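# Overview (structure and organization)
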Amino acid sequence: MKKRFNKKSSFVSLALAAAMLMSLNACSTKDDYEVAEYGTETAGAAEDDDTQIEATVEEVEGGTAEESDEKEQNQQSSEGTIADRLGGNKLSFQQDISANGINVKIDINYEAGNVGRIPIYKVRKSGKEDIHEEEIVENIFGDSAIKLDEEGREFSTENGDSREILEYGVGLYSMYTWSDVREHPVWVDAENYFIHTYEGNYRDAAYQLMITYSEEFEHVCYALYPKNPGDVIGNEECDHMVIYHGDGNLVLYDDTAYAMSPVGVNVQEVMGDRPNLTEATDETLEDAVYEMLTGKFDYNMRGVTLHSTREYGEEIILYPGDSIKDPTFSGAVRNGYVVNGGGNLAGLNIYNKILRYVYIASDAATFDLSNAYVDDDGVFGLSFMRCYEFEDEISSDCEILDFNNVMSSLVNAIEDNITTIKEATQLSNLQVTRVNLMYYPQPSPDNGDEYSLIPAWVVRIDSSSSDIGNIVINAMDGSVVSVLE
């Protein structure tokens, strides 16, 4: 019997219905606010009578002499990390801005982490010429490959098509056509996008491969999943099971037997007597995905990092028959882990300008390995997106401003663009609580298709009821890259 496995693709959200807001460029040079090691410091009031400012910036690591000594030791042992450059590991900034009939409450808490050097990369937009479609299909399916280009054919699980490919394609097709759909063609060649689907043999089972490209959204997407999970798992009870993703776990179950939600269940406790059957190390799991992406999909990964989510308890769990009805999930099996990339490059996420309305600042990515599901036999299924092709490393490292200078630039950006923010939002009360240091694609002045990936602070502005947009600040010099992007 084949070793059974699992999957689920956290495909692209349909939240792209947000209206396009204008982007503005500006620079700011106002006074900095000091980041105090311990305690607080209040910035002086602005000279403008229409603007009242009360600010508190603090390093939130503690206040005792013992804690101070420990902090110094930690900084010495992590010299050269982002935490060292920013002025601390856990940083916070609070400030209220009131001007021109609008109130902005800034309440930011940021944990720097242990990222070391920050290289700058030259990249360009992914295009059709970067999709080596025939080669990819040959690498995965060999001579068994079948092109599903029958005119008028729609994806349908009733015809044996992969549930995962269907769901992944629905999300993309809805984006490409700006419509809300529940089904889509298996093969489309439109003016500014295409969807191509193939079928063939992989892991001794029938799989489907979807390759899409969108000129409007400037990305290439791939998804590879079995038509019938049971054929890969080697258990007919798993035939055409439903895929569900909750609490970080990938769940396969029979929807006709579905009686209770696995969300909120502590799998480690309930299934503690059934260890995960996958014995591969995290490194082996990550290598399997890396080799698939670089070898089968011909993708230049550069510094993009992958990581197993085993440490977070994310597993693949199979519920054969009606085992999902049992409070102890009797008969359920744990076999496999999740590996993802999340757009991580040299320890920083990569901002995707196209998906700025889908992802909050901390999740945006230009290479987004939605998820790869891996067991001891290799990659069971995966989906991923690529927006840029790596070309050169412009510099091996760069200097970034400390946190207090960044926060000063943020305050300046809000003050300088308060009228624009008000006109765009039509709201009087806004908040800023989400911020992330990440790579941002700065366009080349000579070529609109080329970019430099530079470190930038992506700051989210929202209200109590909706997301508004991002302010992007160059981490190296504090200049404002864009407002309400």
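Summarised in this report is the structure supplied together with it. From a predicted model like this one, the values you see are computed outputs, not experimental measurements.

Parameters and conventions
- Residues numbered from 1 in each chain as written.
- Predicted model: local features only at pLDDT ≥ 70, side-chain atom pairs only at ≥ 80, totals over all residues.
- Heavy atoms only, no water.
- Helix = DSSP H or I, 4+ residues; strand = E, 2+ residues; numbered from the N terminus.
- Buried < 20%, exposed > 50% of the residue type's maximum accessible area, 1.4 Å probe, protein only.
- Contact = heavy atoms within 4.5 Å.
- Areas by Shrake-Rupley, 256 points an atom, 1.4 Å probe, with all protein chains shown as cover.
- Disulfide = S-S within 2.5 Å.
- Core = buried A, V, L, I, M, F, W, Y, C linked by side-chain atoms within 4.5 Å.
- Pairing = 2+ DSSP bridges.
- Patch = residues over 30% accessible without salt bridge, like charges linked within 9 Å, V, L, I, M, F, W, Y side chains within 5 Å.
- Salt bridge = Lys/Arg side-chain N within 4 Å of Asp/Glu carboxyl O.
- Lys, Arg positive; Asp, Glu negative; His and termini not counted.
- Charge placed at Lys NZ, Arg CZ, Asp CG, Glu CD.
- Phe/Tyr/Trp six-rings, centres within 6.5 Å; stacked < 30°, edge-to-face > 60°.
- Arc of directions from axis to C-beta.

Let us look at the overall build of the protein. Secondary structure assignment for the protein yields 9 helices and 21 strands. Counting every position in the protein, which comprises 485 residues, the buried fraction comes to 53%. A sequence separation of at least 24 residues applies to 70% of the contacts in the protein between residues at least 6 apart. Just so you have it, the protein exposes about 20,700 Å², and 42% of that area is on carbon and sulfur atoms.

Inspection of the entire model under this criterion finds 0 disulfides. Unpaired in terms of disulfides, C221 finds its nearest cysteine sulfur in C387, a separation of 7.3 Å.

Turning our attention to the nonpolar core. In terms of nonpolar packing, the biggest core is built from 127 residues, with I106, F297, L410, I414 and W457 touching the most fellow members. Element by element, the count of residues in this core is highest for helix 4 (residues 163-177), at 8 residues. Every residue in contact with I414, bar those within four places of it in the chain, is listed here: I97, V104, I106, I421, V432 and I471. Y351, M438, V472 and V481 belong to the second-largest nonpolar core, a separate cluster that totals 7 residues.

As for its position among the elements, L86 is in helix 2 (residues 82-86). Of the residues examined, L86 reaches a relative accessible area of 1% and is grouped as buried. For L86, the contacting residues outside a window of four places in its chain are L91, Y110, A112, I400, L401, D402, F403 and W457.

Further remarks concern the pairing of strand 21 (residues 480-483). Bridge analysis of strand 20 (residues 467-474) against strand 21 gives 3 bridges, and the strand direction is antiparallel. Bridge pairing in strand 21 places I471 opposite V483. Remark: 5 residues form the turn of the hairpin made by strand 20 and strand 21, two consecutive strands paired antiparallel; G478 in that turn has positive phi of roughly 80 degrees.

This brings us to a negative patch on the surface. On the surface, a cluster of negative charge is made up of D231, E236, E237, D239 and D322. Residue placement: E237 occurs in the loop between helix 5 (229-233) and strand 10 (242-246). On the basis of relative accessible area, E237 is assigned to the partly exposed category, the value being 46%.

All right, on to the environment of V270 then. Along the chain, V270 turns up in helix 6 (residues 267-270). Its relative accessible area of 27% is what places V270 among the partly exposed residues. For the pair formed by V270 and T328, sequence separation is 58 residues and the distance between their alpha carbons is 5.7 Å.

On to the packing of aromatic side chains, then. Following the criterion strictly, the structure yields 17 aromatic pairs and no others. Here the aromatic rings of Y202 and Y207 are separated by 4.8 Å at their centres, their planes lie at 90 degrees, and the arrangement is edge-to-face. Using a relative accessible area of 14% as the deciding quantity, one classes Y202 as buried. Relative to F384, the ring of Y299 lies with its centre 6.5 Å away and its plane at 35 degrees, an arrangement referred to as tilted. One end of the pair, Y299, is in the loop between helix 7 (282-296) and strand 12 (307-308); the other, F384, is in strand 16 (residues 378-386), and 85 residues separate them in sequence. With a relative accessible area of 0%, F384 lands in the buried category. Clustering of aromatic rings is evident, with ring pairs tying together Y176, W178, Y193 and F217.

Here we take up helix 3 (residues 133-141). Within the sequence span of helix 3, burial applies to E133, I136, V137, I140 and F141. Across the axial projection of helix 3, the buried residues extend over an arc of 100 degrees, all falling on one side. For helix 3, the elements touching its buried residues are strand 7 (193-202), strand 8 (205-214), strand 9 (219-226) and helix 7. At the exit of helix 3 stands G142, carrying a positive phi of roughly 60 degrees.

Two faces, one strand: in a regular strand the side chains alternate between the faces of the sheet. With burial as the criterion, only one face of strand 3 (residues 102-111) is covered, namely that bearing I102, V104, I106, I108 and Y110; the residues N103, K105, D107, N109 and E111 on the opposite face remain uncovered. Bridge analysis of strand 2 (residues 90-99) against strand 3 gives 10 bridges, and the strand direction is antiparallel. Bridging across to strand 3, S92 finds its partner in N109. In this structure, the hairpin formed by strand 2 and strand 3 is closed by a connection of 2 residues, where N100 is found at a positive phi of approximately 55 degrees. As paired elements, strand 3 and strand 18 (residues 429-443) share 4 bridges and run parallel to each other. Its bridge partner being in strand 18, I106 is matched across the sheet by V432.

One non-glycine residue, D204, lies in the positive phi region at around 60 degrees. Tracing the backbone through its elements, the reader meets D204 in the loop between strand 7 and strand 8. For D204, a relative accessible area of 60% gives the class exposed. Notably, D298 is not glycine yet its phi reads approximately 55 degrees, a positive angle. Looking at the secondary structure, you find D298 in the loop between helix 7 and strand 12.

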